[in-house]
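Descriptive analysis of the structure
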Amino acid sequence: MDKFKEVQNLIASVEADVTKFYDGGNAAAGTRVRKAMQDLKVLAQDIRAEVTEKKNSAK
């Protein structure tokens, strides 16, 4: 559950940069968004592995 909170916090923290990139064309903000999305991908993969492990151990 902690990793899910991390996902929520990461999305909340990058929200301003998303707006700066899409509405203002700020290239540096775009770089920060790309990095945050990569971090999000890693967290999502960790959560998937954790869920699979928990699901399989319940059998």
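Scroll up to find the structure this text is about.
Residues numbered from 1 in each chain as written. Predicted model: local features only at pLDDT ≥ 70, side-chain atom pairs only at ≥ 80, totals over all residues. Heavy atoms only, no water.

1. A word on the environment of Lys 59
Inclusion rule: Strands here are runs of E lasting at least two residues and helices are runs of H or I lasting at least four, both read from the DSSP assignment and numbered beginning at the N terminus. Working definition: with a 1.4 Å probe on protein chains only, accessible area under 20% of the residue-type maximum means buried, over 50% means exposed, and in between means partly exposed.
Counting through the fold element by element, Lys 59 comes out in the segment after α2 (27–57). Classification of Lys 59 as exposed rests on a relative accessible area of 80%. Sequence separation of Lys 59 and Val 42 is 17 residues, and the distance between their C-alpha atoms is 27 Å.

2. Here we look at the nonpolar core
What counts is decided by this rule: The criterion is simple. A nonpolar core is a set of buried Ala, Val, Leu, Ile, Met, Phe, Trp, Tyr and Cys residues joined through side-chain atoms within 4.5 Å. Any two residues having at least one pair of non-hydrogen atoms within 4.5 Å are treated as being in contact.
Counting seven residues, the largest nonpolar core consists of Val 7, Leu 10, Val 14, Val 33, Ala 36, Leu 40 and Leu 43. Taken together, the elements giving at least two residues each to this core come down to α1 (2–24) and α2. The biggest single contributor to this core is α2, with four residues. Ignoring any residue separated from it by four or fewer positions in sequence, one finds Val 7 in contact with Leu 40, Leu 43 and Ile 47.

3. Points about a negative patch on the surface
Test applied: Patch membership requires over 30% relative accessible area and the absence of a salt bridge. Like charges are linked within 9 Å, and nonpolar side chains (Val, Leu, Ile, Met, Phe, Trp, Tyr) within 5 Å. Using the Shrake-Rupley algorithm and a 1.4 Å probe, accessible areas are obtained, with residue cover drawn only from the displayed protein chains. By convention in these notes, a salt bridge is any Lys or Arg side-chain nitrogen within 4 Å of a carboxyl oxygen on Asp or Glu. Under the counting rule used here, the positive set is Lys and Arg, the negative set is Asp and Glu, and His together with the chain ends is not counted. For charged residues, the charge sits on one atom: NZ in Lys, CZ in Arg, CG in Asp, CD in Glu.
Together, Asp 2, Glu 6, Glu 50 and Glu 53 make up a negatively charged patch on the protein surface. At the level of elements, α1 and α2 are the ones that each hand at least two residues to the negative patch. Tracing the sequence through the fold places Glu 6 in helix α1.

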